[in-house]
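Descriptive analysis of the structure
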Amino acid sequence: MVKFDYSNSSIIDRMIYALDDKVKENNKWIEENKDDETQFLGWVDLPEKYDKEEFERIKKAANKIQKDSDFLIVIGIGGSYLGARAVIEALSHSFYNMMPNDRRKTPKIIYAGNNLSPNYLHDLLELIAENDISLNVISKSGTTTEPAIAFRILREAIETKYGVDEAKKRIYVTTDKAKGALKGLADEEKYETFVIPDNVGGRFSVLTAVGLLPIATAGIDIDKLMEGAKEAMDKYKDQEVKFNDCYKYAVIRNLLYNSGKTTEILANYEPSLHYMTEWWKQLYGESEGKDGKGIFPAGVDFTTDLHSMGQYIQDGNRNLMETVICVEEPKSNITLAEDKENIDGLNFLAGKDLDYINKKAMEGTIEAHVSGNVPNMKITIDRLDEENLGHLIYFFEKACAMSGLILEVNPFNQPGVEEYKKNMFRLLEKPGY
């Protein structure tokens, strides 16, 4: 269950309902175009209309990887890895990759192809040299620079390690269903292949094979993840902004943007949600940052970042709004014991548990920021589990679509990301540039 609280946002219902006609118009456009293959709205009904046959193949492939590999290396950049990493880190042990095999029971998940650092790839090759590995390369085209370079290097390493025939059984390709360099290679080499749907953009793709294969390999129940997303899909169909919390979120952030709050900070109080914030940043930044417009998405991990960014948020440029993700029930808890010496002066907290203390830190921070003219919205989920995370993912996706349409930009393209590539290829003397 996801609950949305905007009582500290400075926005009142009358202001929200003034955009009701705009919301209905945009909702109608989404519903009328969601089956149009050219509109990148395939994620709208995805929790219900996903490919069931492929879904079962994903689970079988994950089971095989779990049995024959110590590591799964996920090769991808942006939406090709952020969603999977967000879910895996949110739902796994905080030190998942450091757990002994008999407690972890599933492969360590490592990420590559999201940077061009020689140090990172060199160290990764050293790390995997003495372990059994599988690769999941994720790319629509197969020619995106960072993952293509990583795949070329890691494919050579795995073929050298196992031989070409055995390596083929350890390489899993998630790519276009019919075209592209990676699809051609996968067909030629007979790698097991999964599909990136034509009508689902990368940043909306976490509930496709793009995210589901790594997530399932980490031992996370993808059936329940999809059930949570399906619940959200049903819940947020209502065109009336009064009854649709994800549309309220979209409207409020736009109202605040128009009042000069041009940066939105997503704050969490659980370290395991760090990559959820990173996924959210891409989702909103790439969807809305166009035509000289857009709310700048930033993220903080509290209470950690209160000791580095707290001063700026409290007293800096007043162009900030804040959205807090609150998890009601912790997966585990610890009670603070009394200390006879009380050297640290914390005996007033004796008998209280850390979740209680963390929640009071959150409440105090919200109060401080609101008093410092940082409007606040709070999104609360019951607990960190598959159903709640699936629900939250869909909440943010649907709200992002509505928010971009209110802003009057196309939330499903990303023309700006091509500019740096042209310059990079020119400087690297790529033919044609």
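We now turn to the structure provided with this report. (Residues numbered from 1 in each chain as written. Predicted model: local features only at pLDDT ≥ 70, side-chain atom pairs only at ≥ 80, totals over all residues. Heavy atoms only, no water.)

Digging into the overall build of the chain
What counts, and what does not: Comment: elements are numbered from the N terminus, with helices defined as DSSP H or I runs of at least four residues and strands as E runs of at least two. As a reference, a globule follows 2.2 Å times the number of residues to the power 0.38, and the radius of gyration itself is taken over C-alpha atoms. When a residue's accessible area, from a 1.4 Å probe over protein chains only, is under 20% of the maximum for its type it is buried; when over 50% it is exposed; and in between it is partly exposed. Between two residues, a contact is recorded if the distance between any of their heavy atoms is within 4.5 Å. The method behind every accessible area is Shrake-Rupley, applied with a 1.4 Å probe, and residues are considered shielded solely by the protein chains displayed. Note that His is not counted, nor are the chain ends; the positive residues are Lys and Arg, and the negative ones are Asp and Glu. Note that the charge is assigned to NZ on lysines, CZ on arginines, CG on aspartates and CD on glutamates.
From N to C terminus, the chain includes 18 helices and 10 strands. Radius of gyration (C-alpha) of the chain: 23 Å, near the 22 Å computed for a compact globule of 433 residues. Counting every position in the chain, which comprises 433 residues, the buried fraction comes to 51%. Counting only contacts in the chain whose residues sit at least 6 apart along the sequence, the fraction spanning at least 24 positions is 78%. Total accessible area computed for the chain in this model is approximately 19800 Å², and 51% of it derives from carbon and sulfur atoms. Charge separation in the chain, taken as the distance between the mean sites of 54 positive and 72 negative side-chain charges, equals 2 Å.

A look at the nonpolar core
Stated precisely, the cut-off is as follows: In this description, a nonpolar core means a group of buried Ala, Val, Leu, Ile, Met, Phe, Trp, Tyr and Cys residues linked to one another through side-chain atoms lying within 4.5 Å.
In terms of nonpolar packing, the biggest core is built from 94 residues, with Trp279 and Phe396 touching the most fellow members. With 12 residues, the single largest contributor to this core is helix α17 (residues 386-406). Formed by 23 residues, the second largest nonpolar core is a distinct cluster that contains Leu121, Ile128, Leu135 and Ile158.

Side note on the pairing of strand β10 (residues 376-383)
For the record, the criterion: A pair of strands counts as paired when DSSP detects no fewer than two bridges linking them. Crossovers are marked right-handed if the path from the first strand over the helix to the second runs clockwise, as seen with the strands pointing away from the viewer.
Among the 8 residues that make up β10, 7 are buried, leaving the element largely enclosed by the rest of the structure. Relative to β10, strand β1 (residues 2-5) runs antiparallel, the two sharing 4 bridges. Directly across from Val2, in β10, lies its bridge partner Ile381. Of the pairings in the sheet, the one linking strand β9 (residues 320-329) to β10 comprises 7 bridges and is parallel in character. Bridged to Ile325 within β10 is Ile379. The handedness of the β9 to β10 crossover, carried by helix α16 (residues 354-371), is right-handed.

Describing the pattern of salt bridges
A pair can form between side chains of opposite charge whenever their charged atoms are brought close. What counts, and what does not: One speaks of a salt bridge when a side-chain nitrogen belonging to Lys or Arg is within 4 Å of a carboxyl oxygen belonging to Asp or Glu.
Applying the stated rule across the entire model yields 34 salt bridges. Its salt-bridge partner being Glu408, residue Lys22 comes within 3.5 Å of it at the nearest N-O pair. Pair noted here: Lys22 is in helix α2 (residues 20-33) and Glu408 is in the loop between α17 and α18 (417-427), with a separation of 386 residues, a long-range link. A relative accessible area of 54% means that Glu408 is categorised as exposed. Close ionic contact of Glu286 with Arg203 constitutes a salt bridge, the shortest N to O distance being 2.9 Å. Residue Glu286 is located in helix α14 (residues 274-288), and its partner Arg203 is located in the loop between β6 (192-195) and α11 (209-217); the two are separated by 83 residues in the primary sequence. Taking the relative accessible area as the measure of exposure, Glu286 reaches 22% and is therefore partly exposed. Shared partners join several salt bridges into a network, and the residues in it are Lys140, Asp176, Lys177, Lys179 and Asp198.

With respect to the layout of surface pockets
Empty space among the atoms becomes visible once a probe the size of a water molecule is rolled across them. Heads up, the condition is: A pocket, in this scheme, is an open set of points on a 1 Å grid over the protein atoms alone with protein on both sides within 12 Å along at least 5 of 7 lines, while a cavity is a set where a 1.4 Å probe fits but cannot get out; residues line either one if an atom lies within 4 Å of a point. Grid points are joined across faces, edges and corners, and a volume is the space filled by probe spheres set on the points. When residues are sorted by character, Ala, Val, Leu, Ile, Met, Phe, Trp, Tyr, Cys and Pro go into the nonpolar class, Asp, Glu, Lys and Arg into the charged class, and all the rest, Gly among them, into the polar class.
Taken as a whole, the second largest pocket holds about 580 Å³ of empty space. Taken together, 20 residues make up the lining of the second largest pocket; nearest its centre are Glu270, Pro271, Pro330, Ser332 and Asn333. Those elements that provide at least two residues to the lining of the second largest pocket are β9 and α16. By residue number, the principal contributor to the lining of the second largest pocket is α16, which donates 4 residues. Residues of the lining of the second largest pocket, tallied by class, amount to 9 nonpolar, 7 polar and 4 charged.

Side note on the packing of aromatic side chains
The cut-off we apply is this: A pair of aromatic rings is counted whenever rings of Phe, Tyr or Trp (Trp by its six-membered ring) have centres within 6.5 Å, and the orientation is called stacked for planes under 30 degrees apart, edge-to-face for over 60 and tilted otherwise.
Under the counting rule described, the total for this entry stands at 18 aromatic pairs. For the pair Tyr236 and Phe395, a centre-to-centre distance of 5.6 Å together with 75 degrees between the ring planes defines the contact as edge-to-face. Of this pair, Tyr236 sits in the loop between α12 (222-235) and α13 (245-258) while Phe395 is found in helix α17, placing the two residues 159 residues apart along the sequence. Judged by its relative accessible area of 1%, Tyr236 is buried. The exposure class assigned to Phe395 is buried, which follows from its relative accessible area of 0%. Each member of the aromatic cluster is reached from another via a ring pair, and the members are Phe4, Tyr6, Tyr236, Tyr249, Trp279, Trp280, Tyr284, Phe395 and Phe396.

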